[in-house]
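Close look at the chain arrangement
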Amino acid sequence: MSIDRREFLKFAGASTLLGLGGITAVQELLKTSAGASHVMVDEKALSAKRWAMVIDISKFKTEADYKNVVQACHSIHNVPDIGNPKDEVKWIWTDTYEHTFPGQGNEYMPEGLKHKPFLLLCNHCEQPPCVRVCPTKATFKRKDGIVMMDQHRCIGCRFCMAACPFGARSFNWRDPRPFIKEQNPEYPTRTMGVVEKCTFCFERLAKGLQPACVEKSNGGLIFGDLSDPNSEVRKVLSTHYSIRRKPEIGTQPSVYYIIGGSENA
Amino acid sequence: MYNSGKIITGLIIFVGLVATPFFYNSGKTSVKPEPGIDTPAIRQLAEKQCVEPREFMKANHMQLLNDWRDSAVRDGSRIYVNSQGKQFTISLQNTCMHCHSNKAEFCDKCHTYANVKPYCWNCHIAPKENKT
Ligand code: SF4
Ligand code: SF4
Ligand code: SF4
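Numbering of residues begins from 1 in every chain and follows the order in which that chain's sequence is written. Written order determines the labels here, with chains lettered from A and ligands numbered from 1. Totals for whole chains, interfaces and linings use every residue, but because this is a predicted model, local features are given only for residues with pLDDT of at least 70 and side-chain atom pairs only at 80 or more, for both listing and counting. Excluding hydrogens and water, the side-chain values take into account all heavy atoms of the structure.

1. Overview of the interface of chain A and chain B
The criterion, for reference: By definition in these notes, contact holds between two residues if any of their heavy atoms fall within 4.5 Å. In short, buried area is how much 1.4 Å probe accessible area vanishes from two parts on joining, totalled over both. Should a side-chain nitrogen of Lys or Arg be within 4 Å of a carboxyl oxygen of Asp or Glu, the pair is scored as a salt bridge. Identification of polar contacts relies on pairs of N or O atoms within 3.5 Å, with a donor-acceptor requirement for protein atoms, meaning one able to donate a hydrogen and the other able to accept it, and with residues adjacent in sequence counted only if both atoms are side-chain atoms. To qualify as a helix, a DSSP run of H or I must reach at least 4 residues; to qualify as a strand, a run of E must reach at least 2; elements of each kind are numbered from the N terminus.
At the junction of the two partners, chain A supplies 44 residues and chain B supplies 32 residues. For the pair chain A and chain B, the two sides together bury roughly 3,100 Å², of which 55% comes from carbon and sulfur. Put simply, chain A and chain B have one salt bridge between them. The salt bridge involving arginine 74 of chain B is made with aspartate 150 of chain A; its shortest N-O contact spans 2.8 Å. Where chain A meets chain B, there are 13 residue pairs in polar contact (both at pLDDT 80 or more). Sorting the residues of the side of chain A that touches chain B by element identifies α1 (5-17), α2 (25-32), β1 (38-40), β6 (147-149) and α8 (202-205) of chain A as the ones contributing at least two each.

The structure is reproduced here in structure tokens:
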């Protein structure tokens, strides 16, 4: 007999409710051996009270500037390229000013902005509605502000997709594997029936690396700790005018856009 | 007695149904699996030990993996210090499968024997088999 992931989660949930899930392997080990095994954070890991990203769109000039960034993310995270918009899976992508900042455009705004693509990704909102609606806690907010996906727990109910006002989440309607040109063996793929999105490269931060998109952006993306007044993000935000997506909804996005860079001012 | 024929027929069918799994499995030989640990990475090890002693891993690897998963994904703690004080990066794909690159010889042998089908491999990329 084999059980599928849904049944397994139901079972796991029920046993937790019954209080059967209490003993961890580590506790088990303590009973059997003298040594004490434990887990810890890598000394090299980057940490913050609230991670944030600033997107300086004046630094994005050619199509290649955008492509490099999207490619960097999608290739290391095994994001499939399905090739039709209905089944599309995306972690970082581009859209028009009108769609990025609805209601904030007007017909006389600078031509350069009107037709310029904007980079979009999960905003890692401070008040994330996706977390509130997720019935399994597959989506949760870490202490450092990252709105994280635990792919193991996602049952694909898609409540989070309905709740996210930014369309930042994608659902795997089909097995993504055949649509990944070159698999990165260091990162998992996903499976059919789960939701996915940008995770602020939690796996790279854990090793002391900046997010992949930031690394490839030639200074167009700036990443850092919003709670630290000396951080790069705070410096940039205190010297440039910035906007965020749909602030009126109150989710408090951690992604900021500088649209009035020197060329566009 | 009314309907005794039907009841008896019913009973026979019932017993037959309940016993089906036994009949189904009766002819099969079950050879005790001997998982292979012969991989290039393991051959290089001076002391051939997993992150914890073999007996512990045999009995508890599934629980350890479960704890590893929670600790890496949910708490962001990615270093495991074992009972001897040695450190390992918490990762199924990059740590476990680095040594056990012979998934078919190692994982699958027991899992097939025990008829458990873990869905780890739906997402985690199994190493290309090292046939040496
Ligand atoms: S952008 Fe959407 S998915 Fe990301 S944290 Fe905000 S609500 Fe959640
Ligand atoms: S689909 Fe979204 S809301 Fe549903 S379990 Fe998965 S992450 Fe949670
Ligand atoms: S932060 Fe990481 S996961 Fe998010 S878009 Fe950039 S590269 Fe992708």
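2. Considerations on the sheet that holds strand β1 (residues 79-81) of chain B
Condition: When DSSP finds at least two bridges between two strands, those strands are taken to pair. Here an axis means a line fitted to C-alpha atoms, over the contact stretch when the element is a helix, while the angle between two N-to-C directions is reported on a 0 to 180 degree scale.
Taken together, three strands build an open sheet; the order of strands is β1(A)-β1(B)-β2(B) and the sheet is antiparallel. Edge strands, defined here as strands with exactly one partner in the open sheet, are β1 of chain A together with β2 (87-89) of chain B. Strand-to-strand twist in this sheet, taken as the mean axis angle between neighbours without regard to direction, amounts to 30°. Strand direction decides the pairing type here: β1 of chain A and β1 of chain B, joined by three bridges, are antiparallel. Within β1 of chain B, the residue paired with valine 39 of chain A across the bridge is tyrosine 80 of chain B.

3. Examining the site of ligand 3
The line we're drawing: The cutoff for a nearby residue is simple: one of its non-hydrogen atoms must lie within 4 Å of the molecule or strand. Ten residues, namely Ala, Val, Leu, Ile, Met, Phe, Trp, Tyr, Cys and Pro, are considered nonpolar, four, namely Asp, Glu, Lys and Arg, are considered charged, and the remaining ones, Gly among them, are considered polar.
Close contacts around ligand 3 come from Cys73, His77, Trp91, Ile92, Leu121, Cys198, Thr199, Phe200, Cys201, Pro211, Ala212 and Cys213 of chain A, and that covers them all. Its residues assigned to classes, the shell around ligand 3 shows 10 nonpolar, two polar and no charged.

4. Remarks on the site of ligand 2
In the neighbourhood of ligand 2, 14 residues make up the surrounding shell, with Cys134, Cys154, Cys157, Arg158 and Cys160 of chain A lying closest. Looking at the shell around ligand 2 residue by residue, the class counts come to 10 nonpolar, three polar and one charged.

5. Section: unusual backbone geometry
All names here are of chain A. Basically, it comes down to this: Using a 1.4 Å probe on the protein chains alone, a residue whose accessible area is under 20% of its type maximum counts as buried, one over 50% counts as exposed, and one in between counts as partly exposed.
The backbone of arginine 158 shows a phi angle near 65°, a positive value even though the residue is not glycine. Along the chain, the position of arginine 158 falls in the loop between β6 and α7 (159-163). You can call arginine 158 partly exposed: its relative accessible area is 33%. One non-glycine residue with positive phi stands out, namely cysteine 201, at about 55°. Topologically, cysteine 201 is positioned in the loop between β8 (195-196) and α8. Accessibility expressed as a relative area gives 6% for cysteine 201, which makes it buried.

6. A short note on the environment of histidine 240 of chain A
All names here are of chain A. Mapped onto the elements of the fold, histidine 240 is located in the loop between α10 (232-239) and β10 (255-258). As for histidine 240 and proline 102, which are separated by 138 residues in sequence, their C-alpha atoms are 21 Å apart. Within polar-contact distance, the side chain of histidine 240 engages the side chain of threonine 239 at 3.1 Å.

7. Observations regarding the pattern of salt bridges
Residues and elements named next belong to chain A. Under the defined criterion, the tally for this structure stands at 16 salt bridges over all chains. Residue arginine 174 pairs with aspartate 87 through a salt bridge whose shortest N-O separation is 3.7 Å. Separated by 87 residues along the polypeptide, arginine 174 in the loop between β7 (170-171) and β8 and aspartate 87 in the loop between α3 (63-76) and β3 (92-95) bring together distant segments of the chain. We note a salt bridge from arginine 153 to aspartate 150, for which the minimum N-O separation is 3.8 Å. Linked through salt bridges whose partners overlap, the residues forming this network are Lys86, Asp87 and Arg174.

8. Considering the pairing of β10 of chain A
Residues and elements named next belong to chain A. Of the two faces of β10, both are covered, the one formed by Val255 and Tyr257 as well as the one formed by Tyr256 and Ile258. Of the strand pairs in this sheet, strand β2 (residues 51-56) and β10 are connected by four bridges, and their pairing is parallel. Its bridge partner lying in β10, valine 54 is registered against tyrosine 256.

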